Amino acid sequence: MTATFVVLIDFLGTFAFAISGGLVAVRHRLDLFGVLVLSFAAATAGGIIRDVLLGLVPASVVDWRYLAVSVAAGLVTFWWHDVVERLRNPVQISDAIGLSLFAVLGAGKALASGLGPTGAVMLGILSGVGGGIVRDVLVATIPGVLQRELYAVAAFVGALVVVLGDALSLPPAPVAVGGAVACFVLRWLAIRRGWRLPQPRSREVP
Amino acid sequence: MTATFVVLIDFLGTFAFAISGGLVAVRHRLDLFGVLVLSFAAATAGGIIRDVLLGLVPASVVDWRYLAVSVAAGLVTFWWHDVVERLRNPVQISDAIGLSLFAVLGAGKALASGLGPTGAVMLGILSGVGGGIVRDVLVATIPGVLQRELYAVAAFVGALVVVLGDALSLPPAPVAVGGAVACFVLRWLAIRRGWRLPQPRSREVP
Amino acid sequence: MTATFVVLIDFLGTFAFAISGGLVAVRHRLDLFGVLVLSFAAATAGGIIRDVLLGLVPASVVDWRYLAVSVAAGLVTFWWHDVVERLRNPVQISDAIGLSLFAVLGAGKALASGLGPTGAVMLGILSGVGGGIVRDVLVATIPGVLQRELYAVAAFVGALVVVLGDALSLPPAPVAVGGAVACFVLRWLAIRRGWRLPQPRSREVP
């Protein structure tokens, strides 16, 4: 039952990330294939890069349900993007849920593959933010996660909780929930209050 | 003899894709190394990403002939790009041949590696369009395949024929030929008649 | 003692490349996370792609010291980027050292993994220039190495010396030093004298 629950949440996160990919594609007037590619890339690229770095065949290449969920989200965005844009709040909430879950699951998967704490935190962050980076690179823009309000930091906190829990031999399930909640709350506060990371002082693009 | 034929066609496709990479590099005024990199990337990145996802060492990294063919195409484009531009028709035909062959070979290789039908179709498409995506990302433009006339759909059809033939246990060689021909004809009609995928309604880049 | 020396030089190269990533991030006004990501990417992406292509788990994912060195360089750039910009000469020298070392080590690692001479030269070049390419793609610009003064050619010469030495069964250590020195000198002369690769004649971006 726990496993079913995780899978459900995993597909919810996939769907939310895929919606974000579809919206970016629509804004750049890509065609239907472009919308589906950006949906799939935003939802799965983080996990794919993580698995490739760990020497695994990525789950989203083997398991057709990730593609199905991404395509469903892509089609929804393609046809009803104006409706989706108006649902700003639910989209941001599911995106934050996706981020929290991917960061926590990614760190856990890296630990299970034998990686040390630093590598596990890195791959947790990458699982959370990698999809958004690939999505933005594909439309030739600077990835928002490198510029915007606290996003990667939330993923960092979620992954860190998992790695610390593992180092202290705490039971993994509640630790994962705690990490995900911490990530979600931080991300949510950052959106509400416009929290940002500092930027370097006083330089312009030449 | 069949194997020799496939290899010949494979190098023809590699050459055609490499020409497309070289032309993009010339248009963006890259230097000689840039032209060679874009030729090689356009010709091999799709297959390289496919092989990495399957956990294989990419053929084009191990077999020097892919590099040789790409470099030859790059040099031809570097010196005679005005001639190549005027040969629009033969270039488009070889590009369509490359697409057809790569989609069909890619799907077949994925099936041979034990992937299911969805994964095999995905990797078939990726083998066909991945090189063009990496080529365009390297010159900081939105990949044409996400915007233009039917291109990925043709690769999709080619890969789908291979996967259906496999599911029905049909003999692989004629199925591969059929898939490649279907992909080529669709792509060719799309160029001639300007067939495009639908775009989302009425949004602009903000 | 030789091993310690190589590790020291490796971290020097990592630091120098990470500085270049941090400077690009500062110029594009990324936030703190963006600066750290570009530092890490510039320093490690070449080696990561090489290792993934060879089927290995990348050293910089497993060994936390690469992250530590990159983060240190990123923080230095974030806080004192104006000082770093003024230290143009030392930065260019360490970058050239990093290039020389990564090209030579990359080619050697590829040979040790059983790759042939062409593949080893390719992966040597990729180890040297891959980080800079990923760095530039992440800020949506055309990679400088595809346009600028001799950079990849220097990496090519360094990797070639290693591969030739291996083919002639010469002792690896002096060959590696020779390759690195050749690469460094060529790169340095290219900076001083503005040597460039030829560009294609008379075309503009349409």
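Note that this is a predicted model, so its numbers are computed, not measured. (Residues numbered from 1 in each chain as written. Chains lettered and ligands numbered in written order. Predicted model: local features only at pLDDT ≥ 70, side-chain atom pairs only at ≥ 80, totals over all residues. Heavy atoms only, no water.)

A. Quick look at the overall build of chain A. Along its length, chain A carries 8 helices and 0 strands. N-terminal to C-terminal, the α/β element order of chain A is α-α-α-α-α-α-α-α. Taking 17 Å as the expected radius of gyration for a compact globule of 206 residues, we find that chain A reaches 17 Å, a close match to that expectation. With respect to the principal axes defined by its C-alpha atoms, chain A has extents near 50 × 50 × 30 Å. Looking at chain A as a whole, 54% of its 206 residues are labelled buried. (Helix = DSSP H or I, 4+ residues; strand = E, 2+ residues; numbered from the N terminus. Rg over C-alpha atoms; globule rule 2.2 N^0.38 Å. Buried < 20%, exposed > 50% of the residue type's maximum accessible area, 1.4 Å probe, protein only.)

B. A look at the packing of aromatic side chains. Scanning the entire structure with this criterion turns up 15 aromatic pairs over all chains. Note on Phe78(B) and Trp79(B): the rings are 6.3 Å apart at their centroids and 75° apart in plane angle, and the pair reads as edge-to-face. Accessibility expressed as a relative area gives 45% for Trp79(B), which makes it partly exposed. Each member of the aromatic cluster is reached from another via a ring pair, and the members are Phe78(A), Trp79(A) and Trp80(A). (Phe/Tyr/Trp six-rings, centres within 6.5 Å; stacked < 30°, edge-to-face > 60°.)

C. Representation of the relation of the copies chain A and chain C. It takes a turn of 120° to lay chain A on chain C, together with a shift of 0.0 Å along the axis; the resulting RMSD is 0.0 Å. On the angle and the small slide along the axis, the relation comes out as a three-fold axis. Within chain A, Ala140(A) has its C-alpha nearest the rotation axis, a separation of 3.1 Å. (Least-squares fit on C-alpha atoms with pLDDT ≥ 70 in both.)

D. Up close: the interface of chain A and chain C. Taken residue by residue, the interface counts 30 residues in chain A and 29 residues in chain C. Summing both sides of the interface, chain A and chain C together bury roughly 2700 Å²; the carbon and sulfur share of this comes to 68%. Scanning the region where chain A abuts chain C turns up 0 salt bridges. The interface formed by chain A and chain C holds 4 residue pairs in polar contact (both at pLDDT 80 or more) in total. (Contact = heavy atoms within 4.5 Å. Buried area = accessible area lost by both parts, 1.4 Å probe. Salt bridge = Lys/Arg side-chain N within 4 Å of Asp/Glu carboxyl O. Polar contact = N/O pair within 3.5 Å; in protein donor to acceptor, adjacent residues only side chain to side chain.)

E. The arrangement of the UniProt feature "domain: Glycine transporter" (unreviewed entry) in chain A in detail. Mapped onto this numbering, the UniProt entry annotates "domain: Glycine transporter" (unreviewed entry) at residues 8–81 and 93–164 of chain A. Helix makes up 86% of residues 8–81 of chain A and strand makes up 0%, while its end C-alpha atoms are separated by 24 Å. (UniProt positions renumbered as here; feature names shortened; annotations may be inferred.)

F. Structural view of the UniProt feature "transmembrane region" (unreviewed entry) in chain A. Residue and element names in this part refer to chain A. Mapped onto this structure's residue numbering, the UniProt feature "transmembrane region" (unreviewed entry) falls at residues 6–26, 33–58, 64–81, 93–112, 118–138, 150–168 and 174–191. Spanning residues 33–58, this segment combines 81% helix with 0% strand, and its end C-alpha atoms are found 22 Å apart. Segment residues 93–112 splits into 100% helix and 0% strand. End C-alpha atoms: 28 Å apart.

G. Representation of the nonpolar core in the model. Counting residues in hydrophobic clusters, the biggest one holds 177 residues, and the most contacted among them are Leu38(A), Leu38(B) and Leu38(C). Leaving out residues up to four positions away in the same chain, Leu38(A) has contacts with Gly21(A), Val24(A), Ala25(A), Leu30(A), Arg135(A), Leu138(A), Val139(A) and Leu146(B). (Core = buried A, V, L, I, M, F, W, Y, C linked by side-chain atoms within 4.5 Å.)

H. Quick look at the interface of chain A and chain B. With 29 residues of chain A at the interface, the matching set in chain B holds 30 residues. Carbon and sulfur atoms supply 69% of the area buried between chain A and chain B, which totals about 2700 Å² over both sides. A per-residue breakdown of the area chain A buries against chain B is headed by Arg29(A), Asp31(A) and Phe33(A), which together make up 27% of the total. At the surface where chain A touches chain B, the tally comes to 0 salt bridges. Broken down by element, the residue count for the side of chain A that touches chain B peaks at 8 residues, all from helix α2 (residues 32–53) of chain A.

I. Layout of the relation of the copies chain A and chain B. Overlaying chain A on chain B yields an RMSD of 0.0 Å, the required transformation being a rotation through 120° with an accompanying axial translation of 0.0 Å. Looking at the interface residues of chain A, only 10% of them are also at the interface in chain B, so each copy uses its own face.

J. Here's a closer look at helix α6 (residues 117–138) of chain B. All names here are of chain B. Helix length check: α6 (22 residues) gives 31 Å between terminal C-alpha atoms against 32 Å at 1.5 Å per residue, within 8%. If you look at α6, its biggest bend is around 45°, right at Val129. Remark: Ala140 follows α6 within two positions and exhibits a positive phi of approximately 60°. (Expected span 1.5 Å × (residues − 1). Bend = angle between axes of the 7 residues up to and from the residue.)

K. How the structure looks around helix α8 (residues 172–193) of chain A. Residues and elements named next belong to chain A. For α8, built from 22 residues, the straight-helix expectation of 32 Å at 1.5 Å per residue is met to within 8% by its first-to-last C-alpha distance of 31 Å. The complete set of buried residues in α8 reads Val175, Gly179, Ala180, Cys183, Leu186, Arg187, Trp188, Ala190 and Ile191. Residues of α8 that are buried make contact with α5 (88–112) and α7 (152–167). Count one or two residues on from α8 and you reach Gly194, which has phi positive near 65°.

L. Quick peek at unusual backbone geometry. You will see that Ser169(A), though not glycine, has its phi angle at about 55°, which is positive. Mapped onto the elements of the fold, Ser169(A) is located in the loop between α7 and α8. Positive phi, close to 55°, is recorded for Arg29(B), a residue that is not glycine. Relative to the elements of secondary structure, Arg29(B) occurs in the loop between α1 (2–27) and α2 (32–53).

M. Broad picture of the packing of helix α5 (residues 88–112) of chain C against helix α7 (residues 152–167) of chain C. Residue and element names in this part refer to chain C. In contact at an axis separation of 8 Å, α5 and α7 are set at 40° when each is read in the N-to-C sense. Seen along the crossing, α5 lies across α7 with a hand that is right-handed. Each of Leu99, Ala103, Val104, Ala107, Gly108 and Leu111 in α5 lies in contact with α7, whose residues at this interface are Ala154, Ala155, Gly158, Ala159, Val162, Val163 and Asp166. Of the residues that constitute the contact of α5 with α7, the class distribution is 10 nonpolar, 2 polar and 1 charged. (Axes fitted to C-alpha atoms, helices over the stretch in contact; angles between N-to-C directions. Left-handed = near helix turned anticlockwise from the far one by under 90°. Nonpolar A, V, L, I, M, F, W, Y, C, P; charged D, E, K, R; others polar.)

N. Region of the structure containing a nonpolar patch on the surface. A surface patch of nonpolar side chains, amounting to about 410 Å² of accessible area, comprises Trp79(A), Trp80(A), Val83(A) and Leu87(A). A relative accessible area of 41% places Leu87(A) in the partly exposed class. (Patch = residues over 30% accessible without salt bridge, like charges linked within 9 Å, V, L, I, M, F, W, Y side chains within 5 Å. Areas by Shrake-Rupley, 256 points an atom, 1.4 Å probe, with all protein chains shown as cover.)

O. Inspection of the pattern of salt bridges at higher detail. All names here are of chain A. Applying the stated rule across the entire model yields 15 salt bridges over all chains. Two residues, Glu85 and Arg27, come together in a salt bridge whose shortest N-O distance is 3.3 Å. Taken together, the residues Glu85 in helix α4 (residues 64–86) and Arg27 in helix α1 (residues 2–27) connect sequence positions 58 residues apart. For Asp136, the salt bridge is made with Arg135, and the minimal N-O distance between the two is 2.8 Å. We note that Asp136, like Arg135, is buried. Via salt bridges that share partners, Arg50, Asp51 and Lys109 belong to a single interconnected network.

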